[in-house]
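# Reading the structure
Chain by chain, the residues run as shown.
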Amino acid sequence: MNSAQFQSLFHNLMCSQCKKQVTVNLSDTFIDSECSISCSCGSNRKTVASSVKQDGKTFTRSNLAIVEYSLTKNLGYRGLQVLSGVLARPVMHASAYEQHARFLYTQMNNVFPEQMSNTFTAVKKHYKQYGREEREDGVVDVDVTFDGTWMTRGHRSHIGIAFVLEADTRQVLDFEVLCNHCIPCSKERTSHRDTFQEWFQTHKSRCHKNFEGKAGEMEAEAARRLWQRSETLGFRYITFVGDGDSSAYKAVCALNDGTGPYSCRVVKEECINHVGKRLGTRLMKLKETAVMTTTKTGKARRLSVLGGAKKLTDHVIDKLSFYYNSAIRRTARTTVEEMKQAIWQSFFHLSAKEDQHHALCPRGAQSWCFVKRAEAEGKQPESHSTKSLYLASLPHEQLELVKGVYRDLASPTLLQKCLSGRTQNPNESLHSKVWRKASKDKNAGLHRIRFVTQVTIWEHNFGYQSYNLLQKLGLEISRTTRVVQEALDKQRKRHQTPRGKKRAPAPQDNEEKSLPGRKRRKVEETPAYQAGAH
């Protein structure tokens, strides 16, 4: 509604003092509108929107809300311009948008530590229930998962983020955002090299660059910073659950060289999802590599190609990876020997050509091995040719190559790191939440990514209803906002993994499973659903 339409609604409005007609004015301040009523007798009234002041500037609730929306919903300033046009509202000037954004960044940095203290209290209470008490200095030893993510793919990203999550409660304990490039600094250094240092003193508080190095070095540097300040938060991260990248773990171990804050060894555990993919990766490389062997006469000859019909096709490799991963998941939180035996059971079962080759398969009528199941029932086992035994058709020399890969990936050293059955799924989920708020295909600076990360952590740890930065600033929150947040929390709880005493139970063999790159499918409840069974 414009000012003329608004005045027409109150054209007969009289002053309560002089009984004369008053003047009604409606002025727009971007999303907010301000209404004033004045009279020739000198009396006047003005509606004041819910607002907050800082450094002589007034920020209204609606304007802050729309700027916050643009920052966290992947719009940015350009998107806000389009939205203002759709809503037929005045377009906010770029400088005003920047002022509102900086105000939100500052207020978030002030409020966020208070929210995180609630997380710290909850995590310490969780560990106290299971016998891990605080030390005299108030520090608790905790198990964490760690992983990093970059704004763009490859090793040319200017911004990287790393999170530390408590492994059992999956609460975010700390994060680090690194940026190795600042556009204003780069321009100023190029054009005014002599006066750059003087200029930088005024720019320092807004500089985006907080890391010197390449994108590939960000994860290790972030790990070092997070572990180094962990005790100031009241924690000591003693278990490092990560992927196969050893640079971050090496950086953490360097803090335990006698000069760092850690007096104990940080234990490395593997994400079982990443370990489960290693078999497929190794077999794909083996299939693509020309393998040479030596004959009895001493001559070198090339083995036949591993790929092809009834050999190591992509489908077969997917199946082998699936069964290898299933063996690890099924025996998690048992012993190394049980996990190793489960892996070799699947290998020998899938490579068997006769009944006597199933010596390692579990016995009994409930066995997933069709041979052992038939023996327990006193029946004749079905022919091996009717079963999908993916390795049985490989020549002996090629089977030995595949067996060598299994031998490497069934080593006690590796399996020891998989016994906890932990994954980096919570970290990966958190990464996707951040990049949904700040898309990778749009430009964003350090301060906006840090703000988006803080909003994501707030919602992740406490839910959508608990998050409202504007309410923390004393501004009114509409009922509609509450309704939307409540709906989002209900949806969040439906998709949330149950959190038990430690971890949810490992998926059993009759539960839903999926192959790499395939849609999830419902599996019938049958004890025969195991490696090579039908």
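Residues numbered from 1 in each chain as written. Predicted model: local features only at pLDDT ≥ 70, side-chain atom pairs only at ≥ 80, totals over all residues. Heavy atoms only, no water.

A word on the side chain of Glu 188. Mapped onto the elements, Glu 188 comes out in helix H5 (residues 183-191). Beyond its immediate chain neighbours, meaning those up to four positions away, Glu 188 contacts Arg 193, Thr 195, Phe 196 and Trp 199. (Helix = DSSP H or I, 4+ residues; strand = E, 2+ residues; numbered from the N terminus. Contact = heavy atoms within 4.5 Å.)

A word on the pattern of salt bridges. Here the structure, examined in full by the defined rule, presents 22 salt bridges. The partner of Asp 143 in a salt bridge is Arg 132, and the shortest N-O contact between them spans 3.6 Å. A residue pair is termed long-range when its members are at least 10 positions apart, and Asp 143 in strand E6 (residues 140-150) and Arg 132 in the loop between helix H4 (94-129) and E6 qualify at 11 residues. Residue classification places Arg 132 among the partly exposed positions, given a relative accessible area of 27%. (Salt bridge = Lys/Arg side-chain N within 4 Å of Asp/Glu carboxyl O. Buried < 20%, exposed > 50% of the residue type's maximum accessible area, 1.4 Å probe, protein only.)

On to the side chain of Gln 115, then. Following the sequence through the fold, Gln 115 ends up in helix H4. For Gln 115, a relative accessible area of 7% translates into the label buried. Apart from residues lying up to four places away in sequence, Gln 115 is in contact with Trp 458, Phe 462 and Lys 472.

With that settled, the discussion passes to the state of the cysteines. Tallying each qualifying case throughout the model produces 0 disulfides. For Cys 271, which is in no disulfide, the shortest distance to another cysteine sulfur is to Cys 418 and amounts to 8.9 Å. This cysteine, Cys 369, is not joined by any disulfide, and Cys 361 carries the nearest cysteine sulfur, 3.7 Å off. Relative accessible area serves as the criterion here: at 0%, Cys 369 is assigned to the buried category. (Disulfide = S-S within 2.5 Å.)

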